[in-house]
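# A closer look at the structure
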Amino acid sequence: MSERLQFSIGLNQGSGQSLEACVKQAILDHRDNFTPYFESLIDIEDARTTVASDTLEIYSIEIDADGEGTAEASFIASFYAGCKDMNSDDPVEATLPFHIEDGLILFDLELDPPWRVEH
């Protein structure tokens, strides 16, 4: 059974704002909630690799009539090797599926298993 990251964010839709714009802003305002998910997408067991702070970008939001949606996003994975020519910042693509219900954006994200599993 895989691990899951489950949480909700309140949806504050102002007048004149599209639902997609409100979801995008809510995700950006709560970007730290997604860190465990992003870490599962990169090799954080190597202490030199981290999710760079404040690098989350949302490219598109799709929401169907039933409130099911996805946010297409990216963030930066930083690798620090200690040598200037070996350090790198690499973009990582991520899809954030969600469901909107009763004024909440509900996330239920499957966390990928660790890159290195010792037996």
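Here goes a summary of the coordinates provided. Throughout, a residue's number is its position along its own chain's written sequence, starting from 1. Totals for whole chains, interfaces and linings use all residues, but because this is a predicted model, local features are given only for residues with pLDDT of at least 70 and pairs of side-chain atoms are given and counted only at 80 or more. Note that the side-chain values use all heavy atoms of the structure and ignore hydrogens as well as water.

## A short note on the packing of aromatic side chains
Here is the rule: Aromatic pairs are defined between Phe, Tyr and Trp rings, using the six-membered ring for Trp, whenever the two ring centres lie within 6.5 Å; interplanar angles under 30 degrees are classed as stacked, those over 60 as edge-to-face, and all others as tilted. Relative accessibility under 20% of the residue-type maximum defines a buried residue, over 50% an exposed one, and the middle range a partly exposed one, all with a 1.4 Å probe and only protein chains included.
Tallied over the full model, the rule gives seven aromatic pairs. Ring plane angle 50 degrees and centroid distance 6.0 Å describe the contact between Tyr37 and Phe38, whose orientation is recorded as tilted. For the pair formed by Tyr37 and Phe38, the shared burial category is buried. Pairwise contacts between aromatic rings join Phe7, Phe34, Tyr37, Phe38, Phe75, Phe98 and Phe107 into one cluster.

## Describing the environment of Leu104
Stated precisely, the cut-off is as follows: Helical segments are the DSSP runs of H or I of at least four residues, strand segments are the runs of E of at least two, and each set is numbered from the N terminus. Contacts were defined at the residue level, with two residues in contact if any of their heavy atoms lie within 4.5 Å.
As for its placement among the helices and strands, Leu104 is situated in strand β6 (residues 104–110). According to the relative accessible area criterion, Leu104 is partly exposed, its value standing at 32%. Linking Leu104 and Val23, residues 81 residues apart in sequence, is a C-alpha distance of 9.8 Å. Among residues more than four places away in sequence, those in contact with Leu104 are Ser8, Ile9, Gly10, Leu11 and His99.

## Observations concerning the pairing of β6
Note on strand geometry: in a regular strand, side chains alternate between the two faces of the sheet. Basically, it comes down to this: Only when DSSP finds a minimum of two bridges between them are two strands counted as paired.
Of the two faces of β6, only the one carrying Ile105, Phe107 and Leu109 is buried; Leu104, Leu106, Asp108 and Glu110 on the other face are not. Two strands pair when backbone bridges link them, and strand β5 (residues 88–101) and β6 are joined in this way by four bridges, in the antiparallel orientation. Across the sheet, Glu101 pairs through a bridge with Leu104, a residue of β6. With antiparallel pairing between neighbouring strands as the criterion, β5 and β6 make up a hairpin whose turn holds two residues, including Asp102 at a positive phi of roughly 50 degrees.

## Points about the pairing of strand β3 (residues 57–63)
In terms of strand pairing, β3 meets strand β4 (residues 68–79) through six bridges, oriented antiparallel. Opposite Glu57, over in β4, you have Ser74 as the bridge partner. Two successive antiparallel strands, β3 and β4, enclose a turn made up of four residues, where Gly67 displays a positive phi of approximately 85 degrees.

## A short note on a negative patch on the surface
Test applied: Residues enter patches when their relative accessible area tops 30% and they take part in no salt bridge; the joining distance is 9 Å for like charges and 5 Å for the nonpolar side chains Val, Leu, Ile, Met, Phe, Trp and Tyr. Where accessible areas are quoted, they stem from the Shrake-Rupley method and a 1.4 Å probe; at the residue level, only the protein chains shown are allowed to cover. Salt bridge, as applied in this entry: a Lys or Arg side-chain nitrogen positioned within 4 Å of an Asp or Glu carboxyl oxygen. Neither His nor the chain ends contribute to the count of charged residues, in which Lys and Arg are positive and Asp and Glu negative. A charge is said to be at NZ when it belongs to Lys, at CZ for Arg, at CG for Asp and at CD for Glu.
Residues Glu20, Glu62, Glu72 and Glu93 make up a contiguous surface patch of negative charge. Inspection of the secondary structure puts Glu20 in helix α1 (residues 19–29). Using a relative accessible area of 32% as the deciding quantity, one classes Glu20 as partly exposed.

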